[in-house]
Amino acid sequence: QTCALPIFKSFREQFANLSQQQVFQTLKARLKPVCHRTLRRQVTSYIPFTKRLPMVEEFTPEDSEDRLYGLVSDYLQRDNLQALPASQRSLMTLVLRKLLASSTFAIAGALETISARLKSRLKKKELSESLEDELDKDYEALNETAEEWADESPVEPLSDADRAAIEAEVADLDSFASLAVSISHNAKGKALIKALTIAFAKAAEIGAAQKAIIFTESRKTQSYLLRVLADSQFNDGIVLFNGSNTDDRSKAIYAAWLDKHAGTDRVTGSKSADMRSALVDFFRDEGRIMIATEAGAEGINLQFCSLVVNYDLPWNPQRIEQRIGRCHRYGQKHDVVVVNFLNRKNEARSEEHTSELQSQST
C-alpha cells in the first residue's frame with residue numbers, strides 16, 4: 001500500500017488553509033498505513049538503552065548584557081525598520097533574537113553586518129549578497145528555513161525622508177554593536193565552566209569517559225567558547241566542528257588524519273566527508289571537548305561520549321533530540337548527561353518550554 005504525499009505546491013494548497021487540528025488529523029490518517037512511531041521508553045524491555053541524566057544550568061546575565069538585550073529587542077519591535085525587508089521581517093527577527101540569546105559576540109557581528117548594508121544603500125552601492133546569505137555565515141541553522149524566505153523587494157530610489165530614517169537607524173545599530181563589542185565576557189560563558197565541572201563529575205560517577213560535546217548555533221559563539229575553555233582547566237583536547245572547518249586547528253587534524261590513513265579506504269576523496277571523519281576520530285582518540293554548531297547534530301556517531309551540553313537551545317525540540325542522539329544511541333554503554341542552559345529572564349527564547357517538550361519526547 002502506497003502513501004504518496006503531494007509535492008510542495010499542492011501540499012500548501014491542500015493544507016495551508018486548514019486549522020492545526022485538521023492538518024494533524026488529515027496527515028496522521030495519510031501516514032498511518034506506513035508510519036508508526038515507537039518511543040524509546042516503549043522498547044527498553046528488549047533493547048538495552050541507557051538513561052539520560054538531565055541537568056539545567058541557570059545563569060543571570062550581567063547588567064550590560066541585559067541592557068544590550070533590551071535595546072536590541074526594542075529595536076526589533078519598531079513599526080518601521082529600514083534594515084529588514086518587510087517580506088522577511090518575522091523570520092529575520094527570530095534569527096536576530098537567536099543570535100542575541102547565543103552571545104554578545106554573535107549579535108555584535110549581525111548588527112555590524114546590518115549596519116554595513118544600510119551604509120551601502122546610502123552610498124547607492126549594489127549589495128553582492130542577500131542579508132540571509134550574510135547571516136548564514138555565522139548562524140548555520142538559517143538554511144533550515146530556506147523555503148520560507150521570500151525574495152527581497154527591488155530597492156527603490158531613496159527619498160530625503162528615507163535617507164534620514166536610514167541614517168538614524170545606522171546610528172542606533174552602531175551604538176548597539178559598540179555596546180556588544182565592549183562586553184568581553186558573558187555570564188553564560190562563565191556558567192559553562194561551572195556546568196562542565198559538575199557534569200564531568202557525574203560522568204565520572206557512572207564510569208563514563210571524560211568527554212563532552214557542546215552545541216551552539218553561532219560560529220562566533222563557538223570561537224568565544226574556545227577562548228573561554230582555553231583559559232580554564234578544560235583547555236586540553238578541544239576540537240571544533242562546524243559547516244566549513246577552515247580553522248588552523250581543524251586543518252592540522254585533517255592533515256594528520258590523511259597521513260595516517262593514506263592508501264586506505266578510510267580516505268573517500270571527499271574533503272568534507274574526510275574532514276568530518278578526521279575530527280570525530282580525533283575527538284574519540286585524543287580529544288576531550290568538541291564544540292559544534294548544528295553541523296554536528298546529524299550524521300556522526302559519538303557513542304563514545306556521554307556528556308551533551310546544549311549551550312544554545314533550538315526552538316524545535318526535534319533538533320535537540322538529534323543532538324542528543326549523537327551520543328545517546330544504541331551501543332552507548334553509559335547513561336548520558338544532558339546539560340541545558342536556562343536564562344529565565346529571557347522570555348522570548350522560551351527555553352523552559354522547549355526543555356519541557358524535549359523531556360517528553362523520549
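Just above sits the structure.
Residues numbered from 1 in each chain as written. Predicted model: local features only at pLDDT ≥ 70, side-chain atom pairs only at ≥ 80, totals over all residues. Heavy atoms only, no water.

### A few points about the overall build of the chain
Then, in step 1: When its secondary structure is counted, the chain shows 13 helices and six strands.
Then, in step 2: Relative to its 362 residues, the chain shows a buried fraction of 46%.
Then, in step 3: A total of about 19000 Å² of accessible surface is found on the chain, and carbon and sulfur atoms cover 50% of it. (Helix = DSSP H or I, 4+ residues; strand = E, 2+ residues; numbered from the N terminus. Buried < 20%, exposed > 50% of the residue type's maximum accessible area, 1.4 Å probe, protein only. Areas by Shrake-Rupley, 256 points an atom, 1.4 Å probe, with all protein chains shown as cover.)

### Thoughts on the pattern of salt bridges
Then, in step 1: Applying the stated rule across the entire model yields 15 salt bridges.
Then, in step 2: Arginine 319 is paired through a salt bridge with glutamate 298; the nearest N and O atoms lie 2.9 Å apart. Placement of arginine 319 in helix α12 (residues 317-325) and of glutamate 298 in the loop between β4 (289-292) and β5 (307-310) is noted, with a sequence separation of 21 residues between them.
Then, in step 3: Accessibility expressed as a relative area gives 40% for glutamate 298, which makes it partly exposed. (Salt bridge = Lys/Arg side-chain N within 4 Å of Asp/Glu carboxyl O.)

### What about the packing of helix α5 (residues 104-122) against helix α7 (residues 160-182)?
Then, in step 1: Interhelical geometry of α5 versus α7 gives an angle of 155° and a closest axis separation of 9 Å. Comparing their axes, α7 and α5 come out roughly antiparallel. Between α5 and α7 lies a crossing whose hand is left-handed. On α7, the residues that touch Thr104, Ile107, Ala108, Leu111, Glu112, Ile114, Ser115, Leu118, Lys119, Arg121 and Leu122 of α5 are Arg163, Ile166, Glu167, Glu169, Val170, Leu173, Asp174, Phe176, Ala177, Ala180 and Val181.
Then, in step 2: Considered class by class, the residues forming the contact of α5 with α7 number 13 nonpolar, two polar and seven charged. (Axes fitted to C-alpha atoms, helices over the stretch in contact; angles between N-to-C directions. Parallel < 35°, antiparallel > 145°, perpendicular 65-115°, else oblique. Left-handed = near helix turned anticlockwise from the far one by under 90°. Contact = heavy atoms within 4.5 Å. Nonpolar A, V, L, I, M, F, W, Y, C, P; charged D, E, K, R; others polar.)

### Describing the sheet that holds strand β6 (residues 336-342)
Paired through their backbone hydrogen bonds, the strands of a sheet run either parallel or antiparallel.
Then, in step 1: The parallel open sheet is built from six strands, whose spatial order is β1-β6-β5-β2-β4-β3. In this open sheet, the two edge strands, each paired with only one partner strand, are β1 (52-58) and β3 (238-241). Mean inter-strand twist for the sheet, computed between neighbouring axes without regard to direction, equals 20°. (Pairing = 2+ DSSP bridges.)

### Describing the state of the cysteines
Then, in step 1: In the structure shown here, the tally under the stated rule is zero disulfides.
Then, in step 2: Between cysteine 305, a free cysteine, and cysteine 327, which holds the nearest cysteine sulfur, the sulfur-to-sulfur gap is 3.9 Å.
Then, in step 3: Owing to a relative accessible area of 0%, cysteine 305 belongs among the buried residues under this scheme. (Disulfide = S-S within 2.5 Å.)

### Examining the packing of helix α3 (residues 63-76) against α7
Then, in step 1: α7 packs onto α3 with a crossing angle of 155° between their chain directions and a minimal axis gap of 10 Å. Relative to α7, α3 is oriented roughly antiparallel. The handedness of the crossing between α3 and α7 is left-handed. Touching Ser64, Arg67, Leu68, Leu71, Val72 and Tyr75 of α3 are Glu169, Leu173, Phe176, Leu179 and Ala180, all from α7.
Then, in step 2: The class makeup of the residues in the contact of α3 with α7 is eight nonpolar, one polar and two charged.

### Brief notes about the nonpolar core
Then, in step 1: Judged by nonpolar contacts, the single largest core of 33 residues is most densely connected at Leu68, Leu84, Leu96, Ile107 and Leu135.
Then, in step 2: Sorting the residues of this core by element identifies α3, α4 (89-102), α5, α6 (131-136) and α7 as the ones contributing at least two each.
Then, in step 3: For this core, the leading source of residues is α5, giving eight residues.
Then, in step 4: Not counting the four nearest positions on each side in its chain, leucine 96 is found in contact with Leu76, Leu84, Ile107, Ala110, Ile114 and Leu135.
Then, in step 5: Counting 28 residues, the second largest nonpolar core, distinct from the first, contains Ala195, Leu225, Phe234 and Val337. (Core = buried A, V, L, I, M, F, W, Y, C linked by side-chain atoms within 4.5 Å.)

### Points about the packing of aromatic side chains
Then, in step 1: Applying the stated criterion across every chain yields a total of five aromatic pairs.
Then, in step 2: Aromatic pair tyrosine 75 and phenylalanine 176: ring centres 6.0 Å apart, planes at 70°, arrangement edge-to-face. Pair noted here: tyrosine 75 is in helix α3 and phenylalanine 176 is in helix α7, with a separation of 101 residues, a long-range link. By the burial criterion, tyrosine 75 is buried, and phenylalanine 176 matches it.
Then, in step 3: Consider the rings of phenylalanine 200 and phenylalanine 234, whose centres lie 5.5 Å apart with planes at 35°: the pair is tilted. One end of the pair, phenylalanine 200, is in helix α8 (residues 187-205); the other, phenylalanine 234, is in the loop between α9 (219-230) and β3, with 34 residues separating them in the sequence. Side by side, phenylalanine 200 and phenylalanine 234 carry an identical accessibility label, which is buried. (Phe/Tyr/Trp six-rings, centres within 6.5 Å; stacked < 30°, edge-to-face > 60°.)

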